[in-house]
Amino acid sequence: MDDNGGWGGVTFANNLGSPAEVDATIEQARAAGARIAREPGETFWGGYSGVFVDPDGHPWEVAHNPHWSLRDDGSVNLG
């Protein structure tokens, strides 16, 4: 499965606090044997993200959105 920018069903997402956290998470996934479908990089919407595919074939987006803040528990604050 390659991330070609089209919709393929469901993509799980993990929102993190910085681009450095995105890079570190993608590297952890790579070290654990995940296939990287999209290397981390800047996005058209002003954020930063990458995608890995788990052993069951599910894509996971790892993202940082500078327009959102994260609460202490890691949940996204959209307000």
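Chains are numbered independently. Their residues run from 1 in the order of the written sequence. For a predicted model such as this one, the threshold for reporting local features is a pLDDT of at least 70, and the threshold for listing and counting side-chain atom pairs is 80 or more; totals across whole chains, interfaces and linings nevertheless cover every residue. Only heavy atoms go into the side-chain values, all of them from the structure, while hydrogens and water stay out.

J.: For the confidence of the model for the protein, give the residues involved together with the corresponding values.
T.: The predictor's confidence in any single residue is recorded as pLDDT, a number from 0 to 100. Looking at the protein, the pLDDT average stands at 86 and 86% of residues meet or exceed 70. Put simply, DSSP marks the helices as runs of H or I at least four residues long and the strands as runs of E at least two long, and each gets a number from the N terminus on. Highest mean pLDDT in the protein belongs to helix α1 (residues 19–31) (97); lowest belongs to strand β6 (residues 76–77) (80).

J.: Lay out the nonpolar core with the relevant residues and their values.
T.: Listed in full, the nine residues of the largest apolar core are L16, V22, I26, A29, A34, I36, Y48, F52 and V62. Ranked by residues supplied to this core, first place goes to α1 with three residues. For A34, the contacting residues outside a window of four places in its chain are A29, F52 and V53. In this description, a nonpolar core means a group of buried Ala, Val, Leu, Ile, Met, Phe, Trp, Tyr and Cys residues linked to one another through side-chain atoms lying within 4.5 Å. For the exposure calls, accessible area comes from a 1.4 Å probe over protein chains only, and a residue counts as buried if that area is under 20% of its type's maximum, exposed if over 50%, partly exposed in between. Contacts are assigned to residue pairs with any non-hydrogen atoms lying within 4.5 Å of each other.

J.: Lay out the packing of aromatic side chains in plain terms, naming residues and giving numbers.
T.: Between rings of Phe, Tyr and Trp, where Trp is taken as its six-membered ring, a pair exists when centres lie within 6.5 Å; planes separated by under 30 degrees are stacked, by over 60 edge-to-face, and by other angles tilted. Applying the stated criterion to the full structure yields one aromatic pair. Look at F52 and W60: their rings are 6.4 Å apart centre to centre, the planes differ by 10°, and that puts the pair in the stacked class.

J.: Please provide a residue-by-residue account of the pairing of strand β3 (residues 48–53), values included.
T.: Summarising burial for β3: six of the six residues are buried, a large majority. With burial as the criterion, each face of β3 is covered, one bearing Y48, G50 and F52 and the other bearing S49, V51 and V53. Two strands make a pair as long as DSSP finds a minimum of two bridges between them. Across six bridges, β3 lies against strand β4 (residues 59–64) in antiparallel orientation. By the bridge assignment for β4, V51 is matched with E61. The turn linking β3 back onto β4 is made up of five residues, and G57 within it adopts a positive phi angle of 90°.

J.: Go over the sheet that holds strand β2 (residues 35–42) with me, naming the residues and quoting the values.
T.: An order of β1-β4-β3-β2 is seen for the four strands of this open sheet, with the pairing classed as mixed. At either margin of the open sheet sits one strand with a lone partner, and together these are β1 (12–16) and β2. The average undirected angle you get between the axes of adjacent strands in this sheet is 15°. By the bridge criterion, five bridges tie β1 to β4 in an arrangement that is parallel. Its bridge partner being in β4, F12 is matched across the sheet by W60. Structural elements are reduced to axes, namely lines fitted to C-alpha atoms, with helices fitted over the stretch in contact, and the angle between N-to-C directions of any two is expressed from 0 to 180 degrees. On top of the sheet, α1 reaches β1, β2, β3 and β4; it is set at about 10° to β3, its chief contact.

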